[in-house]
2 protein chains.
Amino acid sequence: MSPSGMGMVVPEETPVRRARRTGAKPLSEPQVSRLSLYRRQLQARPLASPATIHSHALAALCGTSAAHVRRDLMTIGFNGSPARGYDVEQLIGAIGRELDDPDGQRAALVGVGQLGRALLDYFTTRRPNLRVAAAFDVDPAKTGRVIHGCRVWPLDDLAEVVREQGITVGVLTVPAEAVQEVAERMVAAGVVGFLNFAPVPLRLPARTFVEEMDITTSMERVAYFARALVAGGRRKDEHRAG
Amino acid sequence: MSPSGMGMVVPEETPVRRARRTGAKPLSEPQVSRLSLYRRQLQARPLASPATIHSHALAALCGTSAAHVRRDLMTIGFNGSPARGYDVEQLIGAIGRELDDPDGQRAALVGVGQLGRALLDYFTTRRPNLRVAAAFDVDPAKTGRVIHGCRVWPLDDLAEVVREQGITVGVLTVPAEAVQEVAERMVAAGVVGFLNFAPVPLRLPARTFVEEMDITTSMERVAYFARALVAGGRRKDEHRAG
DNA sequence: ATAGCGCTGTGAACGAAATCACAGCGTTAC
DNA sequence: GTAACGCTGTGATTTCGTTCACAGCGCTAT
Ligand SMILES: NC(=O)c1ccc[n+]([C@@H]2O[C@H](COP(=O)([O-])OP(=O)(O)OC[C@H]3O[C@@H](n4cnc5c(N)ncnc54)[C@H](O)[C@@H]3O)[C@@H](O)[C@H]2O)c1
Ligand SMILES: NC(=O)c1ccc[n+]([C@@H]2O[C@H](COP(=O)([O-])OP(=O)(O)OC[C@H]3O[C@@H](n4cnc5c(N)ncnc54)[C@H](O)[C@@H]3O)[C@@H](O)[C@H]2O)c1
C-alpha cells in the first residue's frame, strides 16, 4: 500500500516474500505445475541461448501469459531486472529449491505391465532427484528381473523395500480391480503421494495426495470439445500459432 | 426467485434447462471430466446393483461431494426423485447424449512406440463410439502391421487416411522434437482435438483443443505435495477412507 | 545529460468454480 | 392420517485463480 522505496536488484521485504520466508508454502497446484514446466522448458533450450529471458518469451515457450509468469516467479520470491529479464541459470536453481527435495525423493511403481514398462523407461531418463527406485508386481514371471535399470520386486516385499529406501511416492499401473488395495498397502508402508493411472478414483485417508491420471476422461474431454469446435462457433482452449 | 409450482417427475422449465434446450452447451471442462467419470463408475457397478442411486452414493464412488453431483446433473437437465435418487440406466443415457457424438468419433494415434502401443491396447478395449481408427509412424519397421486391432500407416498417408475416415481427434505419442510438426500436419488434415503425451506444450492455431498429458509435471506435483504433507501440517487433496 | 521506452513487481478487479444452505416434496413410521 | 425425515433442485455465497493496469526504474539512443 505505502510505496516505500524498494530496491530492485537487492530484494527487500514485500508481503509475499515475507510470507514465504516465514515458512509458509503458498504454492497452489496450478503454480507447481507451471513452475515444473518453466524449468523443463528452460532446460530444453538450445545450448547457445541468451543467459536471460523475459516473461513474454518464457510465457510463449510454455503457452501461458507474461502476467502469469511474473506472478508465479513473484510467488517464489524470484526477481529479474526490467532490462534483462530473468537470469535463466538462477531461475532454474530457484525453481529447484522450491520443487525439489534437497535430499532427493524416491518413487515406487507397482504393476509392471505394458504401461508400467513404458513409464519405467520414461522415468529413468529423468533427473536423479526424483527417481523410481523400485518396481513391484504379483506376476512371478516379472519379478526378480531388472527392467530399464529398475529392479522388480514381488509385491510381498513392498512394505520392506518402501521402508528401507524411504519411498514416499507411488506410481500405480495395476489393473483397476487391484489398485485400491495396493494403494492402501502402500499408505500403510509410508507412501503419501500417488500418481494413479488406473481408471478408478482412489479413496485414501487424509494426509495423502492423489493425482488421478485419468486417460479415459481426458480422451472424452478432447472428443467433447473437438466436437464443440466443429459444431458451434465455440472455443474452449485456444492456442496461438507459433 | 418466484417459487412457482414445479413438478418433480415431469420436468418443467427452469432457467438452466431452458438455456440447454435452446442449444447453448454450457458444460465447463471440469464438468465434462466429472460426467465422464460418473458414467464410467456407474457402468462399472456390479450387475446386481440397485436401479437407482443417490447423489451421496455417486459422489462417494467418484470422490466428489453430493452437492457437486447434483449441480452437474442439474446442468445437463437430468433430474431424479428425492426418494429414490437417480435412475442409473437413464442417467448413463443422458450423459451419453451429452458427451458422445451420435455418429461416433474417430481418433488417430501417431507414434507407435512403447507408450503408443500401450495406449492402442488400452483404447481398443473401450466403447466403439470413440475409437482409435488408425495409427501412424515414420519407422518402416512398424508400419503395415496391425497392432491391437489397429492398422499402422506410414506417416505420409496421414492426410489421406484422416480425411477418408473423418478423424477429428489425435493422440500424440511421438518424441518431443517431432510433436509440433506432426500436430500441425494433423491440423491441416482436419484434426481439431489433441491428447498430447509429449512433454512440450503444443502451439496450435485457434479453434483447436489441446489436452496436455504432462506426466513429468504430474510426477513433480505429486512429489511436491507429498513432501508438503510429510514436512508441515498441510493437506492439499484429502480423500476419505473407504 | 536527458528523454523515452519497455519490462518488472504487484495491488486491485474480475470471473469462474466449488460450496453452502434451504425450500419443497415424497416416503416411511407409527 | 399425520409427523418427521432425508433427498433433490437451486439461489446465494465463498473461495480461488486469472487477468488487468500501472507505478517505478534501468537501459538505450540521441
Ligand atoms: N495401457 C495403457 O495405455 C493404459 C492407459 C491408461 C490406463 N491404464 C491403466 O493402467 C493399468 C495397467 O494397464 P496395462 O495396460 O499396463 O495392463 P497390464 O495388464 O499390461 O499390466 C498390469 C500389470 O499389473 C500386474 N498386477 C496385477 N495385479 C497386481 C497386483 N495386485 N499387484 C501388483 N501388480 C499387479 C500384472 O501382473 C501386470 O504386470 C490398468 O489399470 C489400466 O486401466 C493403462
Ligand atoms: N514412455 C512413456 O511412458 C512416456 C511417458 C510420458 C511421456 N512420454 C512421451 O511420449 C512420447 C513417446 O514416448 P515413447 O516412450 O513411446 O517413445 P518411443 O521412442 O518408444 O516411441 C516413439 C515412436 O514415435 C515414432 N516417431 C518418431 N518420429 C516420428 C514422427 N515424426 N512421426 C511419427 N512417428 C514418429 C518412432 O518411430 C517410435 O515408434 C515421447 O514424447 C515421450 O516423451 C512417454
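As the structure is a prediction and not an experimental result, all values here were calculated from the model.

Rules and cut-offs
- Residues numbered from 1 in each chain as written.
- Chains lettered and ligands numbered in written order.
- Predicted model: local features only at pLDDT ≥ 70, side-chain atom pairs only at ≥ 80, totals over all residues.
- Heavy atoms only, no water.
- Axes fitted to C-alpha atoms, helices over the stretch in contact; angles between N-to-C directions.
- Helix = DSSP H or I, 4+ residues; strand = E, 2+ residues; numbered from the N terminus.
- Parallel < 35°, antiparallel > 145°, perpendicular 65-115°, else oblique.
- Contact = heavy atoms within 4.5 Å.
- Nonpolar A, V, L, I, M, F, W, Y, C, P; charged D, E, K, R; others polar.
- Pairing = 2+ DSSP bridges.
- Buried < 20%, exposed > 50% of the residue type's maximum accessible area, 1.4 Å probe, protein only.
- Right-handed = clockwise from strand over helix to strand, strands pointing away.
- Buried area = accessible area lost by both parts, 1.4 Å probe.
- Salt bridge = Lys/Arg side-chain N within 4 Å of Asp/Glu carboxyl O.
- Polar contact = N/O pair within 3.5 Å; in protein donor to acceptor, adjacent residues only side chain to side chain.
- Near = heavy atom within 4 Å.
- Least-squares fit on C-alpha atoms with pLDDT ≥ 70 in both.
- pLDDT = per-residue confidence, 0-100.

## A look at the packing of helix 2 (residues 29–43) of chain B against helix 3 (residues 55–62) of chain B
Residue and element names in this part refer to chain B.
- Closest axis-to-axis distance for the helix 2/helix 3 pair is 10 Å, and the angle between their directions is 95 degrees. Our classification of the angle between helix 2 and helix 3 gives roughly perpendicular. For the pair helix 2 and helix 3, the contacting residues are Leu37, Tyr38, Gln41 and Leu42 in the first and Leu58, Leu61 and Cys62 in the second.
- Across the contact of helix 2 with helix 3, the residue classes break down as six nonpolar, one polar and no charged.

## Quick notes on the sheet that holds strand 9 (residues 209–212) of chain A
Residues and elements named next belong to chain A.
- Here we have seven strands laid out as an open sheet, ordered 5-6-4-3-7-8-9, and mixed in their pairing. Edge positions in the sheet fall to strand 5 (146–147) and strand 9, since each of these pairs with one other strand and no more.
- Helix-sheet contacts for helix 7 (residues 158–165) involve strand 3 (105–110), strand 4 (130–137), strand 6 (150–154) and strand 7 (167–172), and the interaxial angle to strand 4 is about 165 degrees.

## Quick notes on helix 4 (residues 66–75) of chain B
- Among the residues of helix 4 of chain B, those classed as buried are Ala66(B), Val69(B), Asp72(B), Leu73(B) and Thr75(B).
- Positioned one or two residues after helix 4 of chain B, Gly77(B) has a phi angle of 75 degrees, which is positive.

## Details of the pairing of strand 3 of chain A
All names here are of chain A.
- In terms of burial, strand 3 is a largely internal element, five of the six residues being buried.
- In the sheet, strand 3 pairs with strand 4 via six bridges, with the strands oriented parallel. What sits directly across from leucine 109, in strand 4, is alanine 135.
- A crossover connection joins strand 3 to the parallel strand 4 through helix 6 (residues 114–124); in handedness this β-α-β unit is right-handed.
- Both strand 3 and strand 7 contribute to a ladder of five bridges, which runs parallel.

## Quick look at the interface of chain A and chain B
- Across the boundary between the two partners, chain A contributes 82 residues, which contact 82 residues of chain B.
- Taking both sides of the interface into account, the surface hidden between chain A and chain B amounts to around 7600 Å²; carbon and sulfur atoms contribute 57%.
- Linking chain A with chain B are eight salt bridges.
- The salt bridge involving Arg40(B) is made with Asp214(A); its shortest N-O contact spans 2.8 Å.
- The interface formed by chain A and chain B holds 33 residue pairs in polar contact (both at pLDDT 80 or more) in total.
- Ranked by residues supplied to the side of chain A that touches chain B, first place goes to helix 9 (residues 215–231) of chain A with 15 residues.
- Grouping the constituent residues of the side of chain A that touches chain B by class yields 41 nonpolar, 18 polar and 23 charged.

## Thoughts on the site of ligand 2
- Taken together, the neighbourhood of ligand 2 is formed by 24 residues, with Gln114(B), Leu115(B), Asp137(B), Lys142(B) and Val174(B) sitting nearest.
- One finds residues of chains A and B in close proximity to ligand 2.
- Between ligand 2 and Leu115(B) there is a distance of 2.9 Å, counted from an oxygen atom to a backbone nitrogen or oxygen.
- In the environment of ligand 2, an oxygen atom lies 2.6 Å from a nitrogen or oxygen atom belonging to the backbone of Val174(B).
- Elements with a contribution of two residues or more to the shell around ligand 2: helix 6 of chain A together with helix 6 (114–124) and helix 8 (176–189) of chain B.

## Quick notes on unusual backbone geometry
- Despite not being glycine, Arg207(A) shows a phi value in the positive range, around 60 degrees.
- Relative to the assigned elements, Arg207(A) resides in the loop between strand 8 (193–196) and strand 9.
- Assessed through its relative accessible area of 42%, Arg207(A) is described here as partly exposed.
- The phi torsion at His148(B) lies on the positive side, around 50 degrees, for a residue other than glycine.

## What about the relation of the copies chain A and chain B?
- Overlaying chain A with chain B gives an RMSD of 0.1 Å, the required rotation being 180 degrees about an axis along which the chain moves by 0.0 Å. Read as a symmetry element, the transformation amounts to a two-fold axis. Nearest to the rotation axis, the C-alpha of Leu115(A) is located 3.4 Å from it, this being the minimum over chain A.

## A few points about the confidence of the model for chain A
Residues and elements named next belong to chain A.
- Averaged over every residue, the pLDDT of chain A is 88; residues scoring 70 or more account for 85%.
- Contacts of residues 1–13 to residues separated by more than four positions or lying in other chains number eleven contacts, the stretch itself having pLDDT below 50.
- Taken together, the stretch residues 233–242 has pLDDT below 50 and engages in 28 contacts with residues farther than four places along the chain or on a different chain.

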